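# Tertiary structure, described
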Amino acid sequence: MTDQYASTDTTSWYQQQLDEERNYVARLYERLDTLRNEKKQQLVRIQAQGLQGSYQNQSERDSFASLYQDRINQLDAVDDRLVFGRLDTDDAVARHIGRIGLSDNQHTRILVDWRAPEAAPFYQATAANRQEVARRRHIMMSGRTVESFEDDVLTSTESAQASQALLSAVSAPRTGAMGDIVGTIQREQDEIIRDEMRGVLVVQGGPGTGKTAVALHRAAYLLYTYRDRLAKSGVLLVGPSEAFMNYIDQVLPSLGETGVVMRSLGNLYPGIEARPETDHAAAEIKGRSVMQDVITNAVMLRQRSIPETTWVTVDGIRLRVRPIQIRRAIGHARESGKPHNQAREVFVDHMVRTLYDQMRDIVSPKREDGLVNKADRSYLRQEIRQSREVRKLLNLCWMPLTPTGLVDELLSRPKYLVDAAPMLSATEIKTLLRAPGTPFTEADVPLIDEAAVAVGDLVSEAGQGSKKAQQRNLDTAEAALENMHYTLEDIGVDGVVTPEMLAAAQEPETTWASVADRAQRDRTWTYGHVIVDEAQELSHMQWRMLFRRSPLRSFTIVGDLAQASGADPSTDWGSILEPFAPNHWRLAELTVNYRTPERITQAAAQVATAAGRRVTTPTALREGDHDPELIRTTVEDLDKVLVTAVDQQFQSFPDELIGVIAVGEDYSKVHQMLEKIYPGQVWTGTGRRRDRNIALVTAQESKGLEYDAVIIVEPQHVVQQDGESVGNLYVAMTRATQTLTLITTALTNQLPAGLRDIQAKNF
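Residues numbered from 1 in each chain as written. Predicted model: local features only at pLDDT ≥ 70, side-chain atom pairs only at ≥ 80, totals over all residues. Heavy atoms only, no water.

## Quick word on helix α12 (residues 323–335)
- Between its first and last C-alpha, α12 extends 18 Å over 13 residues, near the 18 Å set by a 1.5 Å rise per residue.
- Pro323, Gln325, Ile326, Ala329, Ile330 and Ala333 are the residues of α12 that are buried. Viewed end-on, α12 has its buried residues packed into an arc of 160°, placing them on one side of the element. What points out from α12, more than 90 degrees from its buried face, is the exposed set Arg328 and Glu335.
- Tucked into the core, α12 has its buried residues touching β11 (317–321), α13 (340–363) and α15 (388–397).
- Of the residues trailing α12, Gly337 is marked for its positive phi of about 75°. (Helix = DSSP H or I, 4+ residues; strand = E, 2+ residues; numbered from the N terminus. Expected span 1.5 Å × (residues − 1). Buried < 20%, exposed > 50% of the residue type's maximum accessible area, 1.4 Å probe, protein only. Arc of directions from axis to C-beta. Contact = heavy atoms within 4.5 Å.)

## Here's the deal with the sheet that holds strand β13 (residues 555–559)
- Strand order in the open sheet formed by six strands is β9-β8-β12-β13-β7-β14, and the pairing between neighbours is parallel. Only two strands of the sheet have a single partner each, and these edge strands are β9 (261–264) and β14 (585–590). Along the sheet, successive strands turn relative to each other by an average axial angle of 15°, direction set aside.
- Relative to β13, strand β12 (residues 529–532) runs parallel, the two being bridged by three bridges. Bridge pairing links Val532 to Ile557 in β13.
- The strands touched by helix α24 (residues 540–547) within the sheet are β7 (200–205), β8 (235–239), β12 and β13, with β13 carrying the most contacts at an inclination of about 150°. (Pairing = 2+ DSSP bridges. Axes fitted to C-alpha atoms, helices over the stretch in contact; angles between N-to-C directions.)

## Description of unusual backbone geometry
- Positive phi outside glycine occurs at Glu132, with the angle close to 65°.
- Mapped onto the elements of the fold, Glu132 is located in the loop between α3 (120–124) and β5 (133–142).
- Its identity is not glycine, yet Glu534 carries a phi of approximately 50°, on the positive side.
- Relative to the assigned elements, Glu534 resides in the loop between β12 and α24.

## Some details on the confidence of the model for the protein chain
- Averaged over all residues, the pLDDT of the protein chain equals 85, while 84% of them reach at least 70.
- Low confidence marks residues 1–8, where pLDDT is under 50. Its contacts with residues over four positions away, or in another chain, come to 20 contacts.
- Across residues 485–496 the pLDDT falls below 50, and counting only partners more than four positions away or on other chains, this stretch makes six contacts in the model. (pLDDT = per-residue confidence, 0-100.)

## Observations regarding the pairing of strand β21 (residues 707–713)
- In terms of burial, β21 is a largely internal element, seven of the seven residues being buried.
- Taken together, the four bridges between strand β18 (residues 658–661) and β21 define a ladder with parallel strand orientation. Note that in β21 the partner of Val660 across the bridge is Ile711.
- Across six bridges, the pairing between β21 and strand β22 (residues 736–744) is parallel. Each bridged residue has a counterpart across the sheet, and for Ile712 the counterpart in β22 is Leu742.

And the structure:
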């Protein structure tokens, strides 16, 4: 305890307080269980109704069932360590702070949600600015049991040391899944979490400063504070990889939020699960701003005229089609400003009219007196549309496109890519080319998204028929309301029921889905707020894809420019955001490293600065007990050295999660060896870790993750694979919370400059 109220028997006082906290927390759990049982009973009753009633009744039933299930999921998710703090104010009011808010059956609040304004002093109050707080209590729990508590008495001199709750949290063994920091949020983190939603907020922070935790807690806070504004549009959270998304996926539910759409960059486009991009040169080219012009050109190249006059036959009649006629139709369609597939309808209509005029003159020539034969020939339009030769010709000139088909063809057909990308060199064209049908990569996704905007949705007859049916329903509804005008006026509801409402009542209801469910299936969905983690990695085209999903430019962007991979990373956020939100963003910085001990942080910073990187070195919360270790060995003994290093970690820290980081061929060899020596203990970051204590990842995949001990195999290869950039090595070194070991077969002068000063141990 930092300080305590005066007491003649501190031990007795502490035990009394502990018993009181346990009794109060038991009351909170009793209320939690009651609410959960109520929702379960309501869910059972609504499900028992079965498929009965009108479409509207069924939709309402599904909606209520989903709401009840969401509430049950929320109450289940916050069960572990429901309460973590208490505030005692100057006027002797005690408020317990927890993951969600709870009230008793008399509607008296018994637990304050951590996001509520009344909870803010728990994170913000200091001895210099108490905010009417006399005492702040940190309650440490295991499951539903209060194990201990720690008090900060703000009316006395505040200790400069970190609280025991914070130190315990940062020193605890890693589990392979990220935990929330809701009980140990620090003041500078809280200020960022509670910042208003307007504009673009950039959160810059070095390794271990809690950037990801702040981003997740900010998502939960915004949903709580701006519930009305975000209820219909939702929040999108984007991370760098699937390993990262698996790492963080339980944090938001533990904070009482289950409705955030969480996607990696590779899975952001509906229906595509992209692979990591292993060709860094290809990824760099695909990320350039010029690629939007390449996609535009690729689409226009599929809108082409014919080289010479040709003939088509419609119902036995030969019609002439000239190149100038095709060009005029293409120009008319482009002037419509519609996407390719919708503009194609304009093109087709124009050509059908052209052919119709020609066919009409043949079928119904002018009479001898010069007058026009006015017989109805409208059926000729349908015959022209259905003509096989006409359809073949028009498809040749303007074929319907899909975004995935366009990108696949663009990257696999040399002449098509050369014609679409005249601004790229021959070497760059060769770098992009690949075999047809190659699985899409993360760097392809922004190109597909760009193509989706350019080509639009496919126009189907079924879709046109559905629209026509909807219009017929609307026309019928308008006529019905017109006929019932006086009746509705007499009963005082004229104007209350709109034609759209009446027409909608006649439409079969689709299955109810939450905002998150609908948003992640809809490419065109725009979110109320977008949160981007590890943002320093994004290319121009990836930023373009993300800003398309938030036209209001409401973003929280989290990253560290020093951790960017690639040989030429951006040095300031302004240059990155200039094309998308010029003069519309603000910067907040995190200054304390909670994860990585100072000894490791200094070594990692030395590697980065020796390579010319600008590093913001946050103040480390802990010095650490172990210096980084560099082991030099031979290629033949590399496996033996790695096994020895792993075994030593297991002996020193049996419950640790060991992160082994390797790239390229090293990764494959290490994976094979570890599986042989430690069967059933190797985890590659996908799915649940269970009891596997060795996590094997690449340097790129390690971004945002953390391990008790980190072992980096062949650090020089990490730099080489990243185009001689130290960004990924810097990231890998700062994943450790306790110990760092680097194993190399290189000579001293072959190592990155920042590692050459570390005293190596030969094996």
